[in-house]
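# What the coordinates show
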Amino acid sequence: MSIDALPPLREVIAAHDLSARKSLGQNFLLDLNLTAKIARLAGDMSGSDVLEIGPGPGGLTRGLLAEGARKVLAIEKDPRCLPALEEIARAYPGRLTVMIGDALRIDPLAHLTPPIRVAANLPYNVGTELLVRWLTPDQWPPFWDSLTLMFQREVAERIVAAPGSKAYGRLALLAQWRAEPRIVMSLPPEAFSPAPKVSSAVVHLTALPQPRFPAQPKLLERTVAMAFGQRRKMLRAALKGLAPDIEDRLLASGIQPTDRAETIGLEQFCALARTLE
C-alpha cells in the first residue's frame, strides 16, 4: 500500500544513490506506512505547519504531507537528498519548503506560521542537543506546540524516566519541567536502512502552558548538568563549582548535601536553581 503516487522509498534511494552516511547520523526509515503512522502520532496536521529535521529521502515528509500538514519546512544538511525532496515538493505544490543547512542555525519562525509542530527522525548525532534547545528557550510557551521525535530507545527512556531510576537525569528533568513527554511507538533496528545496532522509539512531547515550577532555563540546565555529570558523588561535591556556599543553598532547597542527584525531584532542582539567580 502506498500513501501517495510517488515511488517506494527503496526506488527513490536507488535512483538518487542515497546511501546513508554514518558521519551524518543517517538511518533511513523505509516503510511509508510507518512514517504515516508517526505523522498521525504527531496529532492533527490539518491546522498546523510542521518543522522536520533531517528528512533524508523524505519518508516522514511524505507521511506528514499525506496526513494533511498545512506546510512542512524540511531542513536537511545533506545536499544529496535535495533531488528526492524536490520530487516530493512537486507532488505537493506549495506545501513543502526544503532548506539545505544546519538546523541549529535556522529560525523556523522565519518560514512557518503558528501553530507549529515538530516531527523528525532526528539524526543521532544532534538529536539530544536539538531537544535541549527546544526545551530551554528564555521565553515560554515556545514556538512549537508539540515535538514528535525519533530517538534511540535508550535516549527515549531517559526523557520519560522517573527519579530514582537508572535512566533518570538531565533529559528527564528538562523535558518534564516544561512538557508532557511519553513514548508512543517503538521500532526495531530492521525498520531502518542501514539497521542500527539498537532499537528506536518515538517520543511525543506536548508543551505545557507554563513550566511546572519557576526557574531560569539556563540556570536549571547548568545545575542539572553538573549534578548528573558526576552522579556518583554527593551533591555538595558535584555542585561545589556552582557557588561557594552550595551546602546552604542545598539545605534551603530542601536537599541534603549528602544526597545524590538521582534521588532529587524536579521541584527541588528548580528551587535550587532559584537560589542561584
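Okay, so let's go over this structure. (Residues numbered from 1 in each chain as written. Predicted model: local features only at pLDDT ≥ 70, side-chain atom pairs only at ≥ 80, totals over all residues. Heavy atoms only, no water.)

## A word on the packing of aromatic side chains
- Counted according to the given criterion, the structure contains three aromatic pairs.
- Look at Trp-140 and Trp-144: their rings are 5.7 Å apart centre to centre, the planes differ by 85 degrees, and that puts the pair in the edge-to-face class. The burial state of Trp-140 is the same as that of Trp-144; both residues are buried.
- Aromatic pair Phe-228 and Phe-269: ring centres 5.8 Å apart, planes at 40 degrees, arrangement tilted. Separated by 41 residues along the polypeptide, Phe-228 in helix H8 (residues 217-229) and Phe-269 in helix H11 (residues 266-275) bring together distant segments of the chain.
- An aromatic cluster is defined as three or more aromatic residues linked by ring pairs; in this entry it consists of Tyr-168, Phe-228 and Phe-269. (Phe/Tyr/Trp six-rings, centres within 6.5 Å; stacked < 30°, edge-to-face > 60°. Buried < 20%, exposed > 50% of the residue type's maximum accessible area, 1.4 Å probe, protein only. Helix = DSSP H or I, 4+ residues; strand = E, 2+ residues; numbered from the N terminus.)

## Considerations on the sheet that holds strand S7 (residues 179-187)
- Strand order in the open sheet formed by seven strands is S4-S3-S2-S5-S6-S9-S7, and the pairing between neighbours is mixed. Two strands bound the open sheet, and with one partner strand each, they are strand S4 (96-100) and S7. Neighbour to neighbour, the strand axes of the sheet diverge by 20 degrees on average, direction disregarded.
- Across three bridges, the pairing between strand S2 (residues 49-53) and strand S5 (residues 116-121) is parallel. Bridging from a neighbouring strand, Asp-49 pairs with Ile-116 of S5.
- Its contacts with the sheet put helix H2 (residues 32-41) on strand S6 (146-152), S7 and strand S9 (200-207), and the angle it makes with S7 is roughly 165 degrees. (Pairing = 2+ DSSP bridges. Axes fitted to C-alpha atoms, helices over the stretch in contact; angles between N-to-C directions. Contact = heavy atoms within 4.5 Å.)

## Regarding the pairing of S5
- In terms of burial, S5 is a largely internal element, six of the six residues being buried.
- A two-sided burial pattern is seen for S5, the buried positions comprising Ile-116, Val-118 and Ala-120 on one face and Arg-117, Ala-119 and Asn-121 on the other.
- Judged from the five bridges that link them, S5 and S6 form a sheet pairing that is parallel. In the strand pairing of S6, Arg-117 is matched with Ser-146.

## Focus: the pattern of salt bridges
- One pass over the full model with this rule turns up twelve salt bridges.
- Among the ionic pairs, Glu-157 bridges to Arg-153, the shortest N-O distance being 3.0 Å. Taken together, the residues span about one helical turn, with Glu-157 and Arg-153 both in helix H6 (residues 153-160) at a distance of four residues.
- Take Glu-157: its relative accessible area is 36%, and that puts it in the partly exposed class. (Salt bridge = Lys/Arg side-chain N within 4 Å of Asp/Glu carboxyl O.)

## Things to note about helix H7 (residues 170-178)
- Burial runs high along H7: seven of the nine residues are buried.
- Here H7 has its buried residues at Leu-171, Ala-172, Leu-173, Leu-174, Ala-175, Trp-177 and Arg-178.
- Against the buried residues of H7 lie helix H5 (127-135), H6, S7, S9, H8 and H11.

## With respect to H2
- For H2, the set of buried residues is Leu-32, Thr-35, Ala-36, Ile-38 and Ala-39. Summarising the axial view, the buried residues of H2 lie within an arc of 155 degrees, below the 170-degree limit, and thus occupy one face.
- Those residues of H2 hidden inside the fold are in contact with helix H1 (9-15), strand S1 (28-29), helix H3 (59-66), S6, S7 and S9.
- The residue sitting at the N-terminus of H2 and contributing the capping side-chain oxygen is Asp-31; that oxygen lies 2.8 Å from the backbone nitrogen of Asn-33.
- Of the residues flanking the end of H2, it is Gly-43, one or two places downstream, whose phi is positive at about 110 degrees. (Arc of directions from axis to C-beta. Polar contact = N/O pair within 3.5 Å; in protein donor to acceptor, adjacent residues only side chain to side chain.)

The values are spatial; any link to function lies outside them.
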